[in-house]
Amino acid sequence: MDQLKRQAAARALEEVRDGMQLGLGTGSTAKHFVELLGERVAAGLKVIGVPTSEATRADAERCGVPLTTLDEIDHLDITVDGADEIDPELNLIKGGGGALLREKIVAAASDRMIVIADDSKWVPTLGKFPLPIEVIPFGLGATRHAIEKAFAACGVSGQMAVRKAKDGHVFVTDGGHWIVDAQLGRIADPASLARALSAIPGVVEHGLFIGLASSAVLAGGEGIRVIERRKPKGD
Ligand SMILES: O=C(CO)[C@H](O)[C@H](O)COP(=O)(O)O
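Thresholds, definitions, all that
Residues numbered from 1 in each chain as written. Predicted model: local features only at pLDDT ≥ 70, side-chain atom pairs only at ≥ 80, totals over all residues. Heavy atoms only, no water. Helix = DSSP H or I, 4+ residues; strand = E, 2+ residues; numbered from the N terminus. Buried < 20%, exposed > 50% of the residue type's maximum accessible area, 1.4 Å probe, protein only. Contact = heavy atoms within 4.5 Å. Pairing = 2+ DSSP bridges. Axes fitted to C-alpha atoms, helices over the stretch in contact; angles between N-to-C directions. Parallel < 35°, antiparallel > 145°, perpendicular 65-115°, else oblique. Left-handed = near helix turned anticlockwise from the far one by under 90°. Nonpolar A, V, L, I, M, F, W, Y, C, P; charged D, E, K, R; others polar.

K.L.:
Help me understand the environment of G221, please; the structure alone is not making it clear to me.
P.N.:
Here G221 shows up in the loop between strand 12 (215-220) and strand 13 (223-228). Judged by its relative accessible area of 83%, G221 falls in the exposed class. Other than its neighbours up to four places away in sequence, G221 contacts L4 and D119.

Structure follows, in structure tokens:
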């Protein structure tokens, strides 16, 4: 599996050109991309990156990838990031690693988002992977109630749980928020659910990435597949 992730990362690296400003994703697949990018930088490639998490910042620094922020620059050429699920419209569930908020900000600031994954992430319909919803701890009971109402309006339902870290404490995101993971099973209309969740005041962001991915690089036993999104970015 790790080999497949690295192959997908290597294929995405072929899209990187000298002088590009890059969004650097989070997770085990994105980490391969950062490592391979570091090798190219050591060989003379001139790029600058914006990390989507403190973990990726540390990896990029270790690999010698020059970094900046979206305060210093306001636009990126390509973001390369992993995903937890990818559907045929290239809608995604992201946030398994807890970095969904920065990942979405960085992807939205990019001309192109290339998703890299092993082909186990390719699904006909999103929802088997628990949907991460980043929330403000204040008023969580009321926010959960509003989320349940949004689920019902969109024809989905399922258990919700506040994410815990390995040490048993509540997982806190890089932005200081909590994550509620929702076991929905099948999300028939991810765009409607995304809109409904975004309208809830206590929801900071959710892991549905709709219309953001430009292409997906999927590595499997039979080789690499590159799937291009048909609609323009944002649609
Ligand atoms: O969204 C993410 C982190 O917030 C990751 O991209 C996603 O969880 C996939 O991770 P991995 O490459 O380790 O399978």
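There is more to say after this.
K.L.:
Explain the sheet that holds strand 5 (residues 92-93) to me, please; I cannot follow it from the model alone.
P.N.:
Note: strands within a sheet are paired through backbone hydrogen bonds, in either parallel or antiparallel orientation. Overall, antiparallel pairing links the 3 strands, which are arranged 4-5-11 in an open sheet. Whereas interior strands pair on both sides, the edge strands pair on one side only; in this sheet they are strand 4 (85-86) and strand 11 (208-209). Two elements, strand 5 and strand 11, share 2 bridges in a ladder whose sense is antiparallel. Across the sheet, the residue bridging to L92 is F209, located in strand 11.

K.L.:
What is the right way to read the packing of helix 5 (residues 140-153) against helix 6 (residues 190-198) from this model?
P.N.:
For any two helices packed against each other, the geometry comes down to the angle between their axes and how far apart the axes lie. Where helix 5 contacts helix 6, the two axes come as close as 9 Å, and the packing angle between them is 155 degrees. The orientation of helix 5 relative to helix 6 falls into the category roughly antiparallel. The way helix 5 lies across helix 6 gives a crossing that is right-handed. Facing helix 5, whose interface residues are I147, A150 and F151, helix 6 presents L193, A196 and L197. A breakdown of the residues in the contact of helix 5 with helix 6 according to their chemical character gives 6 nonpolar, no polar and no charged.

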